[in-house]
Amino acid sequence: MEVTERLRQVAEEVAGLDVHGLPDGVLGEVLVELHDIERVLAVARARLTAVFDLRRAWAADGSRSAAAWLAERCHSSPVAMRRQVRVARRLRSMPATAAAWREGRIGSEHVTVLCRLAGSPRAEVAAAFGPAEELLVGCAADLSFPDFTQAVAYWLQQVDPDGVEQEAGDDDAGRHLYASTTFRGNVEISGRLPATGGAVFTSALERLETELFHTDWADAKATHGEHVRVDQLARTPAQRRADALVEMARRAMATPAGARPPAPLITVLVGYETFAGRICQLANGTTLTPGQVAPLLTEADIERVVFDTPSRVIDIGERTRLLR
């Protein structure tokens, strides 16, 4: 088609730009514009895919599905093509999402999240999505992406409380860690921690990594002077994290038996829900279910924060401990 030929020609011109000759400000503007052009093309691709799939135009040569046809001819992953076809199908019954995407009010990542909700295997979520689509699209358009995903998490807690608790339980049951010694004595580590345990781990790791960074910076400053650069530090960030993990183990082994570990702190925001909605999350923003918080209550310190307005705290209570 003539239109695709013109598009390819323009794309090749863009690919051939002398990017090193562009000023910093122009470089950023071009990047933003390219991202928006990608969105426009993704919208067009989804519309074409939906019609291609609906007409079964892929069946003429014996292909088993639209995704299989596309994967073969585009030299792409079947998984990726199945995902594209699935999104295109779902958008046919998601008018608010499709319109917002087309108008540039939301991006492809938002569409992926919304399509996942619309096609959720959990019947309660799929049934609740239709009436809530415009509300969720509004959140996607108005909030940053992290805040949007947090809003989705709270919405899920409202429409399917049992389902989110089951998922949280599955996450906890699926925790695992592997530490394998190689033939040269190195140790390969892989694993996954649930939200609360993972937050404890990453907080400790980040604290120790920061200590090591300050040590490295001081050493480099002593060697190279006041204008030390990050690339002059003795360790890379990845090496500092590895050393921080070893330091965590050393300090744990040095802790006396029976020593009382730090208690988690749970902050109750009194009145906050009135103007900000439900809040149940870690300090790093990770959303928790009530069921994930409940086991911590017997060992946690509890404090109360009372608000008068969103930006005015009128009281912070003393830390207390619930009775076991």
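Above this text is the structure in question.
All of the points below concern the structure found in this document. Remember, predicted model here, so these are calculated numbers, not experimental data.

1. Side note on the overall build of the chain
Counting its regular elements, the chain contains 13 helices and six strands. Here the C-alpha radius of gyration of the chain, 26 Å, is well above what a compact globule of 324 residues would show, namely 20 Å. Dimensions of the chain, computed from the C-alpha atoms along their principal axes, are close to 75 × 55 × 50 Å. In the chain, which comprises 324 residues, the share counted as buried stands at 26%. Within the chain, residue pairs in contact and separated by at least 24 positions form 55% of the contacts whose partners lie at least 6 positions apart. Surface exposure of the chain reaches about 21,900 Å², of which carbon and sulfur atoms provide 56%. When the 37 basic and 44 acidic side-chain charges of the chain are each reduced to a single mean position, those positions are 5 Å apart.

2. Side note on the packing of aromatic side chains
Tallying each qualifying case throughout the model produces three aromatic pairs. Plain terms: the ring middles of phenylalanine 52 and tryptophan 69 are 4.8 Å apart, the flat faces sit at 55° to each other, and that makes the pair tilted. Of the two residues, phenylalanine 52 is situated in helix α2 (residues 24–54) and tryptophan 69 in helix α3 (residues 66–73); the sequence distance between them amounts to 17 residues. By relative accessible area, which is 22% here, tryptophan 69 ends up partly exposed. Between phenylalanine 145 and phenylalanine 148 the ring centres are 6.0 Å apart and the planes differ by 50°, which places this aromatic pair in the tilted class.

3. Observations regarding helix α7 (residues 123–142)
Its 20 residues place the ends of α7 27 Å apart at the C-alpha level, agreeing with the 28 Å of an ideal helix rising 1.5 Å per residue. At alanine 132, α7 shows its largest kink, close to 70°. Those residues of α7 not exposed but buried are Val125, Ala128, Phe129, Ala132, Glu133, Leu136, Val137 and Ala140. Those residues of α7 that are buried lie in contact with α5 (95–102), α6 (108–118) and α8 (145–159).

4. Some points on the pattern of salt bridges
Pairs can form between side chains of opposite charge whenever their charged atoms are close. Taken as a whole and judged by the stated rule, the model has 18 salt bridges. By sharing partners, the salt bridges in this structure join Glu211, Glu247, Arg250 and Arg251 into a single network.

5. Remarks on the environment of alanine 244
Mapping alanine 244 onto the fold places it in helix α11 (residues 237–254). What makes alanine 244 buried here is its relative accessible area of 0%. Note: C-alpha distance between alanine 244 and glutamate 211 (33 residues apart in sequence) is 8.8 Å. Leaving out residues up to four positions away in the same chain, alanine 244 has contacts with Leu205, Leu208, Glu209 and Leu212.

6. Observations regarding unusual backbone geometry
One can expect most non-glycine residues to show negative phi and most peptide bonds to be in trans. The phi dihedral of arginine 56 falls on the positive side, at around 55°, and the residue is not glycine. Relative to the helices and strands, arginine 56 resides in the loop between α2 and α3. Here the phi dihedral of histidine 75 falls at roughly 50°; this positive angle occurs in a residue that is not glycine. Its place among the elements puts histidine 75 in the loop between α3 and α4 (78–91).

7. Points about the side chain of aspartate 216
With respect to the helices and strands, the residue aspartate 216 is situated in helix α10 (residues 195–224). Judged by its relative accessible area of 4%, aspartate 216 is buried. The residues contacting aspartate 216, other than those within four sequence positions of it, are Leu233, Arg235 and Arg240.

8. A few points about the pairing of strand β1 (residues 176–181)
For β1, a buried count of zero out of six residues is recorded, marking the element as mostly open to its surroundings. In terms of strand pairing, β1 meets strand β2 (residues 187–192) through six bridges, oriented antiparallel. Residue pairing in the sheet places histidine 176 in a bridge with arginine 192 of β2. Between β1 and β2, which follow one another and run antiparallel, lie five residues, and glycine 185 among them has a positive phi close to 90°.

9. Topic: the nonpolar core
Of all hydrophobic cores here, the largest spans 28 residues; its most connected members are Leu91, Trp101, Leu114, Leu117 and Trp155. If you tally residues by element for this core, the top one is α7, at seven residues. If we skip the residues at most four places from it in the chain, leucine 114 touches Met94, Thr97, Ile106, Phe129, Leu136, Val137 and Phe148. Of all hydrophobic cores here, the second largest spans eight residues; its members include Phe52, Trp58, Ala66 and Leu70.

10. What to know about a positive patch on the surface
Side chains of Arg64, Arg82, Arg83, Arg86 and Arg116 sit close together on the surface and give a patch of like positive charge. Looking at the positive patch element by element, the count peaks at three residues for α4. Look at arginine 64 and you get exposed, because its relative accessible area is 76%.

About the cut-offs
- Residues numbered from 1 in each chain as written.
- Predicted model: local features only at pLDDT ≥ 70, side-chain atom pairs only at ≥ 80, totals over all residues.
- Heavy atoms only, no water.
- Helix = DSSP H or I, 4+ residues; strand = E, 2+ residues; numbered from the N terminus.
- Rg over C-alpha atoms; globule rule 2.2 N^0.38 Å.
- Buried < 20%, exposed > 50% of the residue type's maximum accessible area, 1.4 Å probe, protein only.
- Contact = heavy atoms within 4.5 Å.
- Areas by Shrake-Rupley, 256 points an atom, 1.4 Å probe, with all protein chains shown as cover.
- Lys, Arg positive; Asp, Glu negative; His and termini not counted.
- Charge placed at Lys NZ, Arg CZ, Asp CG, Glu CD.
- Phe/Tyr/Trp six-rings, centres within 6.5 Å; stacked < 30°, edge-to-face > 60°.
- Expected span 1.5 Å × (residues − 1).
- Bend = angle between axes of the 7 residues up to and from the residue.
- Salt bridge = Lys/Arg side-chain N within 4 Å of Asp/Glu carboxyl O.
- Pairing = 2+ DSSP bridges.
- Core = buried A, V, L, I, M, F, W, Y, C linked by side-chain atoms within 4.5 Å.
- Patch = residues over 30% accessible without salt bridge, like charges linked within 9 Å, V, L, I, M, F, W, Y side chains within 5 Å.

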